[in-house]
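Here is how the chains run, residue by residue.
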Amino acid sequence: MQRPEDRTSATKYTPRARAMRLADRCALGLKSLVDLLLPRRCVACKAVLAFHEYYVCPSCAMKIAYNPVSNWTLNYRITQWYDIRELQRMAAYTIYERQTEVAYIIQSLKYGRRYSLGPWMGRLAATELVATGLFDGVDALIPIPLSRQRWRKRGFNQAELIAEGISSVTGIPVWSNILSRKVNNRSQTRVEFWERYTNAQSIFMLTSHVDTTAYSGLHLMLVDDVMTTGTTMLSAIETLRQLDGIQLSTFCWAWTRLGLYHNGNMPQLDFRITPG
(Lines give C-alpha, C1' and ligand atoms only; values in the text may rest on other atoms or scores of the structure.)
Protein backbone atom coordinates (compact mmCIF):
# COMPACT_ATOMS: atom_id res chain seq x y z
CA MET A 1 0.00 0.00 0.00
CA GLN A 2 1.33 3.41 -0.95
CA ARG A 3 2.13 5.68 1.95
CA PRO A 4 0.53 9.16 1.94
CA GLU A 5 3.96 10.86 1.80
CA ASP A 6 4.81 8.89 -1.36
CA ARG A 7 1.81 10.18 -3.27
CA THR A 8 2.43 12.98 -5.77
CA SER A 9 -0.06 15.72 -6.33
CA ALA A 10 -0.27 18.77 -8.58
CA THR A 11 1.24 21.94 -7.17
CA LYS A 12 -1.43 24.26 -5.85
CA TYR A 13 -1.43 27.96 -6.69
CA THR A 14 -3.41 30.91 -5.45
CA PRO A 15 -5.41 32.72 -8.16
CA ARG A 16 -2.82 35.51 -8.21
CA ALA A 17 0.04 33.02 -8.52
CA ARG A 18 -1.76 31.24 -11.37
CA ALA A 19 -2.21 34.55 -13.18
CA MET A 20 1.48 35.44 -12.75
CA ARG A 21 2.52 31.98 -13.95
CA LEU A 22 0.32 32.35 -17.03
CA ALA A 23 1.80 35.81 -17.67
CA ASP A 24 5.33 34.38 -17.46
CA ARG A 25 4.47 31.67 -19.97
CA CYS A 26 2.90 34.22 -22.30
CA ALA A 27 6.00 36.43 -22.02
CA LEU A 28 8.27 33.50 -22.89
CA GLY A 29 6.09 32.60 -25.83
CA LEU A 30 6.05 36.18 -27.06
CA LYS A 31 9.83 36.42 -26.73
CA SER A 32 10.22 33.22 -28.77
CA LEU A 33 7.92 34.62 -31.45
CA VAL A 34 9.78 37.93 -31.58
CA ASP A 35 13.13 36.10 -31.79
CA LEU A 36 11.76 34.10 -34.70
CA LEU A 37 10.46 37.12 -36.60
CA LEU A 38 13.19 39.61 -35.57
CA PRO A 39 16.18 37.56 -34.46
CA ARG A 40 18.51 39.24 -31.99
CA ARG A 41 22.11 39.37 -33.12
CA CYS A 42 25.48 39.55 -31.41
CA VAL A 43 26.63 43.16 -31.31
CA ALA A 44 30.17 42.08 -32.23
CA CYS A 45 29.90 39.40 -34.95
CA LYS A 46 26.18 39.73 -35.88
CA ALA A 47 25.53 36.01 -35.34
CA VAL A 48 21.96 35.12 -34.33
CA LEU A 49 21.68 34.79 -30.55
CA ALA A 50 20.07 31.81 -28.86
CA PHE A 51 16.98 32.26 -26.70
CA HIS A 52 18.98 32.52 -23.46
CA GLU A 53 21.78 34.73 -24.83
CA TYR A 54 21.96 38.50 -24.56
CA TYR A 55 23.94 41.03 -26.62
CA VAL A 56 27.08 38.90 -27.15
CA CYS A 57 27.35 35.33 -28.42
CA PRO A 58 29.47 32.80 -26.46
CA SER A 59 32.20 32.85 -29.12
CA CYS A 60 32.68 36.63 -28.83
CA ALA A 61 32.32 36.56 -25.06
CA MET A 62 35.27 34.17 -24.92
CA LYS A 63 37.35 36.68 -26.88
CA ILE A 64 36.78 39.56 -24.45
CA ALA A 65 40.18 39.76 -22.81
CA TYR A 66 39.76 39.90 -19.05
CA ASN A 67 42.10 42.57 -17.70
CA PRO A 68 44.96 40.73 -15.96
CA VAL A 69 45.57 43.63 -13.53
CA SER A 70 44.33 42.51 -10.14
CA ASN A 71 46.12 44.99 -7.89
CA TRP A 72 43.90 48.06 -8.10
CA THR A 73 46.10 50.11 -5.76
CA LEU A 74 49.40 49.50 -7.56
CA ASN A 75 49.42 48.98 -11.32
CA TYR A 76 50.90 50.54 -14.43
CA ARG A 77 48.03 53.02 -14.68
CA ILE A 78 47.89 54.36 -11.14
CA THR A 79 51.66 54.75 -10.91
CA GLN A 80 51.43 57.46 -13.59
CA TRP A 81 49.75 59.69 -11.03
CA TYR A 82 51.43 58.50 -7.86
CA ASP A 83 51.55 62.05 -6.48
CA ILE A 84 47.74 62.45 -6.41
CA ARG A 85 47.26 61.58 -2.75
CA GLU A 86 43.46 61.23 -3.04
CA LEU A 87 43.72 58.51 -5.72
CA GLN A 88 43.21 55.07 -4.20
CA ARG A 89 42.41 52.62 -7.02
CA MET A 90 42.33 52.51 -10.82
CA ALA A 91 40.66 49.63 -12.62
CA ALA A 92 39.21 48.36 -15.89
CA TYR A 93 37.23 45.27 -16.75
CA THR A 94 38.93 44.53 -20.07
CA ILE A 95 41.47 45.72 -22.65
CA TYR A 96 40.48 47.97 -25.55
CA GLU A 97 41.97 47.48 -29.00
CA ARG A 98 40.56 48.62 -32.32
CA GLN A 99 38.61 46.15 -34.46
CA THR A 100 38.09 43.70 -31.62
CA GLU A 101 34.96 42.41 -29.90
CA VAL A 102 35.45 44.94 -27.10
CA ALA A 103 35.60 47.81 -29.61
CA TYR A 104 32.45 46.59 -31.39
CA ILE A 105 30.54 46.37 -28.10
CA ILE A 106 31.47 49.94 -27.13
CA GLN A 107 30.69 51.25 -30.61
CA SER A 108 27.27 49.56 -30.53
CA LEU A 109 26.52 51.30 -27.25
CA LYS A 110 27.73 54.76 -28.22
CA TYR A 111 26.82 54.98 -31.90
CA GLY A 112 24.34 52.13 -32.42
CA ARG A 113 21.90 53.48 -29.81
CA ARG A 114 21.86 50.17 -27.93
CA TYR A 115 20.81 51.78 -24.66
CA SER A 116 20.30 48.59 -22.67
CA LEU A 117 23.82 47.48 -23.53
CA GLY A 118 25.32 49.98 -21.04
CA PRO A 119 23.70 48.58 -17.88
CA TRP A 120 24.52 45.06 -19.08
CA MET A 121 28.20 46.03 -19.43
CA GLY A 122 28.15 47.48 -15.92
CA ARG A 123 26.50 44.38 -14.44
CA LEU A 124 28.94 42.10 -16.23
CA ALA A 125 31.98 43.95 -14.91
CA ALA A 126 30.66 44.40 -11.37
CA THR A 127 29.65 40.75 -11.06
CA GLU A 128 33.15 39.71 -12.10
CA LEU A 129 35.07 42.26 -10.02
CA VAL A 130 33.07 42.71 -6.85
CA ALA A 131 34.91 39.83 -5.15
CA THR A 132 38.26 41.56 -5.75
CA GLY A 133 37.40 44.35 -3.31
CA LEU A 134 37.42 46.99 -6.03
CA PHE A 135 34.16 48.54 -4.85
CA ASP A 136 34.71 48.12 -1.12
CA GLY A 137 34.16 51.35 0.77
CA VAL A 138 33.06 53.31 -2.30
CA ASP A 139 30.26 55.72 -1.38
CA ALA A 140 29.16 56.91 -4.82
CA LEU A 141 29.76 56.38 -8.54
CA ILE A 142 30.43 59.55 -10.59
CA PRO A 143 29.93 59.08 -14.37
CA ILE A 144 32.18 61.15 -16.59
CA PRO A 145 29.71 63.70 -18.02
CA LEU A 146 29.11 64.54 -21.66
CA SER A 147 28.76 68.06 -22.92
CA ARG A 148 25.17 69.24 -23.30
CA GLN A 149 25.62 69.36 -27.08
CA ARG A 150 26.86 65.77 -27.31
CA TRP A 151 24.25 64.54 -24.84
CA ARG A 152 21.46 66.03 -26.97
CA LYS A 153 22.88 64.46 -30.11
CA ARG A 154 23.41 61.00 -28.58
CA GLY A 155 20.45 61.05 -26.24
CA PHE A 156 22.23 59.44 -23.30
CA ASN A 157 25.52 59.27 -21.43
CA GLN A 158 27.15 55.86 -21.88
CA ALA A 159 29.22 56.26 -18.69
CA GLU A 160 26.04 56.84 -16.69
CA LEU A 161 24.43 53.68 -18.13
CA ILE A 162 27.48 51.61 -17.19
CA ALA A 163 27.45 53.13 -13.71
CA GLU A 164 23.77 52.20 -13.31
CA GLY A 165 24.65 48.59 -14.14
CA ILE A 166 27.42 48.59 -11.52
CA SER A 167 25.01 50.12 -9.01
CA SER A 168 22.44 47.36 -9.58
CA VAL A 169 25.03 44.78 -8.48
CA THR A 170 26.87 46.67 -5.73
CA GLY A 171 24.14 48.92 -4.37
CA ILE A 172 26.43 51.96 -4.66
CA PRO A 173 24.41 55.06 -5.67
CA VAL A 174 25.09 56.94 -8.91
CA TRP A 175 25.63 60.69 -8.52
CA SER A 176 25.33 62.38 -11.90
CA ASN A 177 24.92 65.93 -10.61
CA ILE A 178 28.39 66.56 -9.16
CA LEU A 179 30.41 67.15 -12.33
CA SER A 180 29.50 69.01 -15.49
CA ARG A 181 31.39 69.46 -18.70
CA LYS A 182 32.18 73.00 -19.72
CA VAL A 183 34.11 72.21 -22.92
CA ASN A 184 32.81 70.09 -25.80
CA ASN A 185 36.16 68.67 -26.92
CA ARG A 186 35.98 66.55 -30.04
CA SER A 187 36.05 62.75 -29.97
CA GLN A 188 39.38 61.39 -28.74
CA THR A 189 39.22 58.13 -30.70
CA ARG A 190 41.74 59.05 -33.40
CA VAL A 191 43.62 61.86 -31.68
CA GLU A 192 47.33 61.62 -30.96
CA PHE A 193 48.66 61.66 -27.39
CA TRP A 194 49.89 65.23 -27.30
CA GLU A 195 46.64 66.62 -28.72
CA ARG A 196 44.62 64.55 -26.25
CA TYR A 197 46.62 66.06 -23.40
CA THR A 198 45.91 69.58 -24.64
CA ASN A 199 42.23 68.87 -25.36
CA ALA A 200 41.54 67.48 -21.88
CA GLN A 201 42.82 70.35 -19.79
CA SER A 202 40.17 71.96 -17.58
CA ILE A 203 37.16 70.56 -19.41
CA PHE A 204 35.10 69.87 -16.26
CA MET A 205 33.72 71.91 -13.40
CA LEU A 206 31.73 71.26 -10.24
CA THR A 207 28.02 71.96 -10.60
CA SER A 208 26.81 75.17 -8.98
CA HIS A 209 24.99 73.55 -6.05
CA VAL A 210 28.02 71.57 -4.81
CA ASP A 211 29.34 72.53 -1.37
CA THR A 212 33.02 71.61 -1.40
CA THR A 213 33.01 70.98 2.36
CA ALA A 214 30.05 68.55 2.38
CA TYR A 215 31.84 65.47 1.02
CA SER A 216 34.60 65.04 3.56
CA GLY A 217 35.39 61.39 4.27
CA LEU A 218 33.60 60.05 1.18
CA HIS A 219 35.15 57.70 -1.37
CA LEU A 220 34.02 58.60 -4.90
CA MET A 221 34.61 56.43 -7.96
CA LEU A 222 34.72 57.99 -11.43
CA VAL A 223 33.22 55.78 -14.16
CA ASP A 224 33.78 55.90 -17.92
CA ASP A 225 33.53 53.54 -20.89
CA VAL A 226 37.09 53.73 -22.28
CA MET A 227 40.41 55.09 -21.06
CA THR A 228 43.19 55.65 -23.56
CA THR A 229 45.90 58.02 -22.35
CA GLY A 230 43.75 58.90 -19.32
CA THR A 231 43.86 62.66 -19.81
CA THR A 232 40.06 63.06 -19.73
CA MET A 233 39.87 61.06 -16.52
CA LEU A 234 42.70 63.10 -15.05
CA SER A 235 40.87 66.34 -15.76
CA ALA A 236 37.85 64.97 -13.87
CA ILE A 237 40.09 63.90 -10.98
CA GLU A 238 41.61 67.36 -10.75
CA THR A 239 38.16 68.93 -10.66
CA LEU A 240 36.92 66.61 -7.90
CA ARG A 241 40.04 67.36 -5.86
CA GLN A 242 38.39 70.68 -5.06
CA LEU A 243 36.15 68.71 -2.68
CA ASP A 244 37.67 68.68 0.79
CA GLY A 245 38.74 65.43 2.43
CA ILE A 246 37.65 62.93 -0.24
CA GLN A 247 39.18 59.74 -1.63
CA LEU A 248 39.01 58.94 -5.34
CA SER A 249 39.08 55.83 -7.49
CA THR A 250 38.42 55.27 -11.19
CA PHE A 251 36.78 52.51 -13.20
CA CYS A 252 36.62 52.15 -16.97
CA TRP A 253 34.93 49.27 -18.74
CA ALA A 254 38.01 49.04 -20.96
CA TRP A 255 41.38 50.70 -21.16
CA THR A 256 44.16 50.56 -23.71
CA ARG A 257 47.57 49.14 -23.06
CA LEU A 258 49.93 52.04 -22.50
CA GLY A 259 52.14 52.52 -25.51
CA LEU A 260 55.59 53.98 -25.86
CA TYR A 261 56.24 57.38 -27.34
CA HIS A 262 59.17 59.22 -28.79
CA ASN A 263 61.83 56.58 -29.47
CA GLY A 264 60.42 54.12 -26.94
CA ASN A 265 60.23 56.45 -23.95
CA MET A 266 57.14 57.66 -22.18
CA PRO A 267 57.01 61.48 -22.17
CA GLN A 268 57.93 63.02 -18.85
CA LEU A 269 54.92 65.19 -18.16
CA ASP A 270 53.43 66.76 -15.10
CA PHE A 271 50.00 65.14 -15.54
CA ARG A 272 48.45 67.37 -12.91
CA ILE A 273 46.30 69.99 -14.55
CA THR A 274 46.37 73.44 -13.08
CA PRO A 275 42.82 74.86 -12.84
CA GLY A 276 42.50 77.71 -15.21
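Everything below is about the structure shown above.
Residues numbered from 1 in each chain as written. Predicted model: local features only at pLDDT ≥ 70, side-chain atom pairs only at ≥ 80, totals over all residues. Heavy atoms only, no water.

(A) Quick peek at the nonpolar core. Met121, Phe251 and Trp253 are the most contacted members of the largest nonpolar core, which totals 40 residues. For this core, the element with the most residues is helix α4 (residues 117–129), which contributes six residues. In this view, Trp253 contacts Ala92, Tyr93, Thr94, Val102, Ile105, Ile106, Met121, Leu124, Ala125, Ile162, Asp224 and Asp225; residues no more than four positions away in its chain are not counted. In this structure, Leu87, Met90, Leu206 and Leu248 belong to the second largest nonpolar core, which totals 30 residues. (Core = buried A, V, L, I, M, F, W, Y, C linked by side-chain atoms within 4.5 Å. Buried < 20%, exposed > 50% of the residue type's maximum accessible area, 1.4 Å probe, protein only. Helix = DSSP H or I, 4+ residues; strand = E, 2+ residues; numbered from the N terminus. Contact = heavy atoms within 4.5 Å.)

(B) Local environment of the environment of Thr228. With respect to the helices and strands, Thr228 occurs in the loop between β5 (219–227) and α8 (231–240). Along the chain, Thr228 and Thr256 lie 28 residues apart, while their C-alpha atoms are 5.2 Å from each other.

(C) Summary view of the pattern of salt bridges. Applying the stated criterion across every chain, the model contains four salt bridges. Linking Arg241 and Glu86 is a salt bridge whose minimum nitrogen-to-oxygen distance equals 2.9 Å. Separated by 155 residues along the polypeptide, Arg241 in the loop between α8 and β6 (247–255) and Glu86 in the loop between α2 (58–63) and β1 (87–95) bring together distant segments of the chain. For Glu86, a relative accessible area of 10% corresponds to the buried category. We note a salt bridge from Glu238 to Arg241, for which the minimum N-O separation is 3.2 Å. Since its relative accessible area comes to 11%, Glu238 is described here as buried. Here the salt bridges do not stand alone but share partners, grouping Arg85, Glu86, Glu238 and Arg241 into one network. (Salt bridge = Lys/Arg side-chain N within 4 Å of Asp/Glu carboxyl O.)

(D) Structural view of unusual backbone geometry. Its identity as a non-glycine residue notwithstanding, Lys46 has a phi of 70°, on the positive side. Along the polypeptide, Lys46 turns up in the loop between α1 (15–37) and α2. Assessed through its relative accessible area of 49%, Lys46 is described here as partly exposed. The phi dihedral of Tyr55 is positive, around 70°, even though this residue is not glycine. Along the chain, the position of Tyr55 falls in the loop between α1 and α2.

(E) Seen up close, the packing of helix α3 (residues 101–111) against α4. At a minimum axis separation of 9 Å, α3 and α4 run at an interaxial angle of 140°. Taken together, the axes of α3 and α4 lie oblique to each other. Two secondary-structure elements touch here, α3 through Ile105, Ile106, Ser108 and Leu109 and α4 through Leu117, Gly118 and Met121. A per-class count over the contact of α3 with α4 returns five nonpolar, two polar and no charged. (Axes fitted to C-alpha atoms, helices over the stretch in contact; angles between N-to-C directions. Parallel < 35°, antiparallel > 145°, perpendicular 65-115°, else oblique. Nonpolar A, V, L, I, M, F, W, Y, C, P; charged D, E, K, R; others polar.)

Fair warning: the whole summary comes from geometry, so function is off the table for now.
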